[in-house]
Amino acid sequence: MAVTDVIGGTGGRGSGGPWRNWAGNVTARPARVAAPASTEELAAAVRAAAADGLTVKAVGTGHSFTPAAATDGLLIRPDRLTGIRRIDRESGRVTVAAGTPLKHLNRALAAHGLSLTNMGDIMEQTVSGATSTGTHGTGRDSASIAAQITALELVTADGSVLGCSAEENPDVFAAARLGLGALGVISELTFAVEPEFLLTAREEPMPFDEVTDRFAELVAENEHFEFYWFPHTGNCNTKRNNRSQGPAAPPGRVSGWIEDELLSNGVFQVACAVGRAVPAAIPGIAKVSSRALSARTYTDIPYKVFTSPRRVRFVEMEYALPREAAIEALGQLKTMMERSDLRVSFPVEVRTAPGDDIALSTASGRDTVYIAVHMYRGTPYQAYFAAAERIMTAHDGRPHWGKLHTRDASYLAEVYPRFGEFTALRDRLDPERRFTNGYLRQVLGD
């Protein structure tokens with residue numbers, strides 16, 4: 001096992017020095033870094049940290065905007081805890097090491113003719129980092145990645161290893177699928193998968209008023225519906241993904257590069273940089289950029305439809321609202337922006353999910369709409385996010401655990417009916433708070 005005592009330097013994979021997240025807004029300076037290659041090495045690292053009085057946090061690829069993984073104790077790096085451990089085609093189950101990036105999982109599944117049912121639009125995260133913070137896509141019937149977990153292996157505060165499923169330690173399994181790293185360190189996850197299928201994606205510009213008027217219809221008629229509204233305009237871009245009998249018809253190499261790389265990343269990067277330098281230019285840029293993406297339809301395997309390259313760096317806040325509150329909250333957000341001096345270059349993203357049974361899932365117990373606001377990295381975001389957060393919390397919104405927010409345990413206990421169930425389990429599994437940090441003290445209490 002690779003272990004490093006941190007004494008300075010800029011840091012890097014498996015090395016000492018400060019750790020920084022993808023967006024660059026969170027820095028941690030751990031006393032020690034470990035990169036275990038097995039469950040046994042992971043458990044030994046936790047026991048050694050406990051003997052030395054260090055707290056422990058596992059980090060993924062740093063795609064959370066909150067300091068959920070930050071620690072000044074032992075930082076567990078995922079670099080060597082990777083790979084597919086078992087594939088059971090008959091039961092439709094795949095077991096994967098916790099540090100495996102989603103992109104590697106998706107490609108391995110595709111090589112075996114298998115797929116997750118649903119996923120988010122970014123696949124750089126590790127499987128445990130994504131599930132532990134509630135990463136989700138959009139779906140009428142299919143839920144978050146955590147809801148597709150059927151079993152997991154958890155290293156607890158005393159270094160013991162718990163196998164967890166609906167049959168084995170079911171109370172721990174029920175909560176640890178989305179556990180914020182508060183219950184232990186996950187070493188492996190088992191997902192339900194299905195034979196690979198095809199999705200037809202239909203991307204189409206649509207006016208804001210039409211999208212909001214037809215929102216319930218568009219969600220009901222499509223397996224996966226989402227849209228992006230461009231602030232300072234009345235323009236949206238919609239995406240509908242539905243299963244298809246085929247044949248596969250992926251985007252052409254040139255046209256796909258123009259849409260996904262040149263326009264959505266290259267040109268958008270330049271537009272954001274100009275907007276950061278000259279905020280008054282943002283409304284005009286928004287009107288042009290909101291019309292730049294044309295309608296297109298293509299058919300491909302799931303991960304190539306669900307996911308997109310995201311090279312423009314930003315900070316983000318996302319709230320999960322009761323489905324019935326979606327249109328009112330969006331209208332209030334649009335009105336607030338029209339009446340303010342805010343200049344926002346990033347579109348507002350709207351997705352959905354069905355209710356699930358995970359205690360700290362943002363969709364726990366209710367059909368959900370997600371409203372996400374973003375700002376280009378380096379641009380002041382606080383006023384915009386604070387104003388949006390006031391609207392979201394007025395509708396009993398639940399903040400995404402990995403995205404910026406200011407809520408604390410007293411608020412979260414009110415909007416999560418099973419919040420006390422989770423904190424009681426935490427008290428049992430980690431009474432000495434081996435896995436705590438400042439963020440968990442904020443959102444879960446001491």
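The structure under discussion appears in the preceding block.
First, a word on scope: everything that follows refers to the structure included in this document. (Residues numbered from 1 in each chain as written. Predicted model: local features only at pLDDT ≥ 70, side-chain atom pairs only at ≥ 80, totals over all residues. Heavy atoms only, no water.)

Some words on the overall build of the chain
On a plain count of helices and strands, the chain comes out with 14 helices and 21 strands. Relative to its length of 446 residues, the chain is compact, with a C-alpha radius of gyration of 21 Å against a globular reference of 22 Å. Principal axes of the C-alpha set define a box for the chain whose edges measure 60 × 50 × 40 Å. The buried share of the chain, taken over its 446 residues, is 58%. Taking all contacts inside the chain whose residues are at least 6 apart in sequence as the whole, residues at least 24 apart take part in 74%. (Helix = DSSP H or I, 4+ residues; strand = E, 2+ residues; numbered from the N terminus. Rg over C-alpha atoms; globule rule 2.2 N^0.38 Å. Buried < 20%, exposed > 50% of the residue type's maximum accessible area, 1.4 Å probe, protein only. Contact = heavy atoms within 4.5 Å.)

Here we look at a nonpolar patch on the surface
On the surface, Val270, Val274 and Val278 cluster together into a nonpolar patch covering about 230 Å² of accessible area. For Val278, the position within the fold is in the loop between helix H7 (253-277) and helix H8 (282-289). Judged by its relative accessible area of 43%, Val278 falls in the partly exposed class. (Patch = residues over 30% accessible without salt bridge, like charges linked within 9 Å, V, L, I, M, F, W, Y side chains within 5 Å. Areas by Shrake-Rupley, 256 points an atom, 1.4 Å probe, with all protein chains shown as cover. Salt bridge = Lys/Arg side-chain N within 4 Å of Asp/Glu carboxyl O.)

A closer look at the sheet that holds strand E8 (residues 93-97)
Read from one edge to the other, the open sheet built from five strands follows the order E7-E8-E12-E10-E11, with strand pairing classed as antiparallel. Only two strands of the sheet have a single neighbouring strand rather than two, namely strand E7 (84-88) and strand E11 (161-165). Each strand axis lies, on average, 15° off the axis of its neighbour in the sheet, ignoring direction. Alignment of strand E10 (residues 149-155) against E11, held across five bridges, turns out to be antiparallel. Bridged to Ala151 within E11 is Ser165. (Pairing = 2+ DSSP bridges. Axes fitted to C-alpha atoms, helices over the stretch in contact; angles between N-to-C directions.)

Regarding the pairing of E7
Each regular strand shows side chains that alternate between the opposite faces of the sheet. Two elements, E7 and E8, share four bridges in a ladder whose sense is antiparallel. Following the sheet pairing, Ile87 is matched in E8 by Val94. Between E7 and the antiparallel strand that follows it, E8, lie four residues; Gly92 among them carries a positive phi value of about 70°.

Quick look at the packing of helix H10 (residues 326-339) against helix H11 (residues 382-393)
For the pair H10 and H11, the least separation of the axes is 10 Å and the interaxial angle reads 150°. The angle between the axes of H10 and H11 places the two elements in the roughly antiparallel class. For H10 against H11, the interelement crossing comes out right-handed. For the pair formed by H10 and H11, the contact residues are Ala329, Gln332, Leu333, Met336 and Met337 on the first element and Tyr384, Ala387, Ala388, Ile391 and Met392 on the second. Class assignment for the residues of the contact of H10 with H11 results in nine nonpolar, one polar and no charged. (Parallel < 35°, antiparallel > 145°, perpendicular 65-115°, else oblique. Left-handed = near helix turned anticlockwise from the far one by under 90°. Nonpolar A, V, L, I, M, F, W, Y, C, P; charged D, E, K, R; others polar.)

Brief notes about the pairing of strand E4 (residues 32-35)
Because side chains alternate across E4, one face comprises the buried residues Arg32 and Ala34, and the other comprises Val33 and Ala35, equally buried. By the bridge criterion, three bridges tie E4 to strand E6 (residues 74-76) in an arrangement that is parallel. Of the residues in E6, the one forming a bridge with Ala34 is Ile76.

Some thoughts on the nonpolar core
Counting residues in hydrophobic clusters, the biggest one holds 73 residues, and the most contacted among them are Phe191, Leu360, Trp401 and Leu444. Per element, the largest residue contribution to this core is five residues, and it comes from helix H1 (residues 39-51). The contact partners of Leu444, leaving out residues within four places of it in the chain, are Leu180, Ala182, Leu360, Ala409, Phe419, Phe422, Thr423 and Arg426. Formed by 44 residues, the second largest nonpolar core is a distinct cluster that contains Phe65, Val315, Met337 and Met392. (Core = buried A, V, L, I, M, F, W, Y, C linked by side-chain atoms within 4.5 Å.)

Notes on the packing of aromatic side chains
Summed over all chains, the structure comprises twelve aromatic pairs. For the ring pair Tyr381 and Phe385, a centre distance of 5.0 Å and an interplane angle of 50° mean the geometry is tilted. With relative accessibility at 23%, the residue Tyr381 sits in the partly exposed group. Connected via pairs of aromatic rings, a cluster forms that spans Trp22, Phe65, Phe268, Phe314 and Phe346. (Phe/Tyr/Trp six-rings, centres within 6.5 Å; stacked < 30°, edge-to-face > 60°.)

Any link to function would need more than the numbers given here.
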